[in-house]
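Descriptive analysis of the structure
For reference, the chains in residue letters:
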Amino acid sequence: MNGSGSWTVRSGGTADGIVLAVDFPGTGRREAGFTELAERLEIPYALWETLPPPLASGTTPTGAEWLDRWTAGVEASGRPVRAVMGFCAASPYAAVLAHRVGALQGETPDTVFFDPDIPQEFFLYWQYQQIMERFLPELTAEEKAAARQRGERAREQAGDLTALGKQLSRLFREYGEPACRRAGLDDERTAEFLGGFSTYVSFVCGSGEIAAQEPEALVGTWSTATAVTSAGGAEAGRLVAKEIPFPDVAHVDLLASDEVAAAVSALLQ
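Computed from a predicted structure; not experimentally measured.

1. Details of the overall build of the protein chain
Assigned secondary structure in the protein chain consists of nine helices and seven strands. C-alpha atoms of the protein chain, sized along the principal axes, occupy 55 × 35 × 35 Å. When each of the 269 residues of the protein chain is scored for burial, the buried share is 51%. Of the accessible surface of the protein chain, which amounts to about 11900 Å², a share of 49% is contributed by carbon and sulfur atoms. Of the side-chain charges in the protein chain, 22 are positive and 37 negative, and the distance between the mean point of each set is 5 Å.

Right under this line is the structure:
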């Protein structure tokens, strides 16, 4: 682990440089992650991935605080950054982090996005729904229906993404606590589960905040980046300098594709 817990090493390397990957790694998610990509890459650089704070703490950093945490870890390492990568809603973070790293080392690293997107209210509400359905099976059908309806109402009434995040976190805790008790989870496991959702929400909201707060860094990096896109890629993946499309690869499999890994390896040589 590096950077006081802000980064974890997914693969080693023979060269001094490192490649940074921005994502929110989560147990049980459907999408493949950078762990799967690291197993397939053939590059001389170590691959570091961002780590969230301990989930049981329920910490909810702002977008700037997430970036400060990662930037400090990179700066403390003293190692040159060859590239910065970001998956999906983490792409705004990756773009601004690449800009910051460039200022630190005097040379902006290459930037690679995977199905890049800038999170909006619907995305966060959809994630709330998906996590509620998959990970709270102890809820009754009536409770799930009520949670969906109240979440939809929060989405309609929220003034922005951050406000929606606070409402959805409150709802998730309201329904999640009794569900965890029914499942027989102890206090520590319950705190980790509920805190993990709150921290994830802050990660998504922070990405939207950063996109709004640092538009010059975002646009500057985005306009020179490479986007690796799947069959489910959004329009944001076509607003970069170069798109490498994989129309036969599903979004959930993008980081576990041998073809994708070969293309990215060629980029990073």
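2. Examining the pattern of salt bridges
Considering all chains together, one arrives at 15 salt bridges under this definition. Here Asp-110 and Arg-82 are joined by a salt bridge, their closest N and O atoms 2.5 Å apart. One end of the pair, Asp-110, is in strand S5 (residues 110-114); the other, Arg-82, is in strand S4 (residues 81-87), with 28 residues separating them in the sequence. Relative accessible area serves as the criterion here: at 37%, Asp-110 is assigned to the partly exposed category. Its salt-bridge partner being Glu-177, residue Arg-173 comes within 3.7 Å of it at the nearest N-O pair. Of the two residues, Arg-173 and Glu-177 both sit in helix H6 (residues 161-182), four residues apart, roughly one turn of that helix.

3. A look at the environment of Pro-247
For Pro-247, the location among the structural elements is in the loop between strand S7 (242-245) and helix H9 (258-267). On the basis of relative accessibility, which here comes to 58%, the residue Pro-247 falls in the exposed class. Considered as a pair, Pro-247 and Gly-232 are 15 residues apart in the sequence and their alpha carbons are 8.0 Å apart.

4. Notes on the nonpolar core
Leu-20, Val-22, Met-85, Tyr-93, Phe-114 and Tyr-128 are the most contacted members of the largest nonpolar core, which has 83 residues in total. Of the residues forming this core, the biggest block, nine residues, is contributed by helix H7 (residues 187-213). Sequence-distant contacts of Phe-114, that is, excluding residues within four places in its chain, are made with Phe-34, Leu-37, Met-85, Gly-86, Phe-87, Cys-88, Val-228, Leu-254, Leu-255, Val-260 and Val-264.

5. Observations regarding the sheet that holds strand S2 (residues 18-22)
By definition, the strands of a sheet pair up through backbone hydrogen bonds, in either a parallel or an antiparallel sense. Pairing in this open sheet of seven strands is mixed, and the strands run S1-S3-S2-S4-S5-S6-S7 from one edge to the other. Strands with a single pairing partner mark the edges of an open sheet, and in this sheet they are strand S1 (7-11) and S7. If you compare each strand with its neighbour and ignore which way they point, the axes differ by 25° on average. Together, S1, S2, strand S3 (46-50) and S4 form the strand contacts of helix H2 (residues 63-77), whose direction differs from that of S1 by roughly 65°. Along the sheet, helix H3 (residues 91-105) contacts S1, S2, S4 and S5; its crossing angle with S4, the most-contacted strand, is approximately 165°.

6. Remarks on the packing of helix H4 (residues 121-135) against H7
In the contact formed by H4 and H7, the axes pass within 11 Å of each other and the chain directions differ by 160°. Judged by the inter-axis angle, H4 sits roughly antiparallel to H7. As H4 packs across H7, the resulting crossing turns out to be right-handed. Seen from H4, the contacting residues are Phe-123, Leu-124, Gln-127, Tyr-128, Ile-131 and Phe-135; seen from H7, they are Phe-193, Phe-197, Tyr-200, Val-201, Val-204 and Cys-205.

7. So, the pairing of S3
With five of five residues buried, S3 lies mostly within the body of the structure. Of the pairings in the sheet, the one linking S1 to S3 comprises four bridges and is antiparallel in character. When the bridges of S3 are listed, Thr-8 appears paired with Glu-49. Pairing between S2 and S3: four bridges, direction parallel. Within S3, the residue paired with Ile-18 across the bridge is Ala-46.

8. Notes on H6
Given a rise of 1.5 Å per residue, 22 residues ought to cover 32 Å, and the 31 Å separating the end C-alpha atoms of H6 matches this to within 8%. Residues of H6 that are buried include every one of Leu-161, Leu-164, Gly-165, Leu-168, Ser-169, Leu-171, Phe-172, Tyr-175, Gly-176, Pro-178, Ala-179 and Cys-180, and no others. On its buried face, H6 is in contact with H4, helix H5 (141-157) and H7. In the stretch just after H6, Gly-184 is the one whose phi turns positive, near 80°.

9. Thoughts on H9
Because each turn of an α-helix spans 3.6 residues, side chains separated by three or four positions in sequence point in the same direction. Looking at H9, one finds that the buried residues are Val-260, Ala-261, Ala-263, Val-264 and Ser-265. Where H9 is buried, its residues touch helix H1 (34-40), S4, S5 and strand S6 (226-229). At the N-terminal boundary of H9, the capping side chain belongs to Ser-257, with an oxygen 3.3 Å from the backbone nitrogen of Glu-259.

10. Notes on unusual backbone geometry
One can expect most non-glycine residues to show negative phi and most peptide bonds to be in trans. Of note in this structure, Cys-88 is not a glycine but carries a positive phi near 55°. Tracing the sequence through the fold places Cys-88 in the loop between S4 and H3. Judged by its relative accessible area of 13%, Cys-88 is buried.

Reading guide: rules and limits
- Residues numbered from 1 in each chain as written.
- Predicted model: local features only at pLDDT ≥ 70, side-chain atom pairs only at ≥ 80, totals over all residues.
- Heavy atoms only, no water.
- Helix = DSSP H or I, 4+ residues; strand = E, 2+ residues; numbered from the N terminus.
- Buried < 20%, exposed > 50% of the residue type's maximum accessible area, 1.4 Å probe, protein only.
- Areas by Shrake-Rupley, 256 points an atom, 1.4 Å probe, with all protein chains shown as cover.
- Lys, Arg positive; Asp, Glu negative; His and termini not counted.
- Charge placed at Lys NZ, Arg CZ, Asp CG, Glu CD.
- Salt bridge = Lys/Arg side-chain N within 4 Å of Asp/Glu carboxyl O.
- Core = buried A, V, L, I, M, F, W, Y, C linked by side-chain atoms within 4.5 Å.
- Contact = heavy atoms within 4.5 Å.
- Pairing = 2+ DSSP bridges.
- Axes fitted to C-alpha atoms, helices over the stretch in contact; angles between N-to-C directions.
- Parallel < 35°, antiparallel > 145°, perpendicular 65-115°, else oblique.
- Left-handed = near helix turned anticlockwise from the far one by under 90°.
- Expected span 1.5 Å × (residues − 1).
- Polar contact = N/O pair within 3.5 Å; in protein donor to acceptor, adjacent residues only side chain to side chain.

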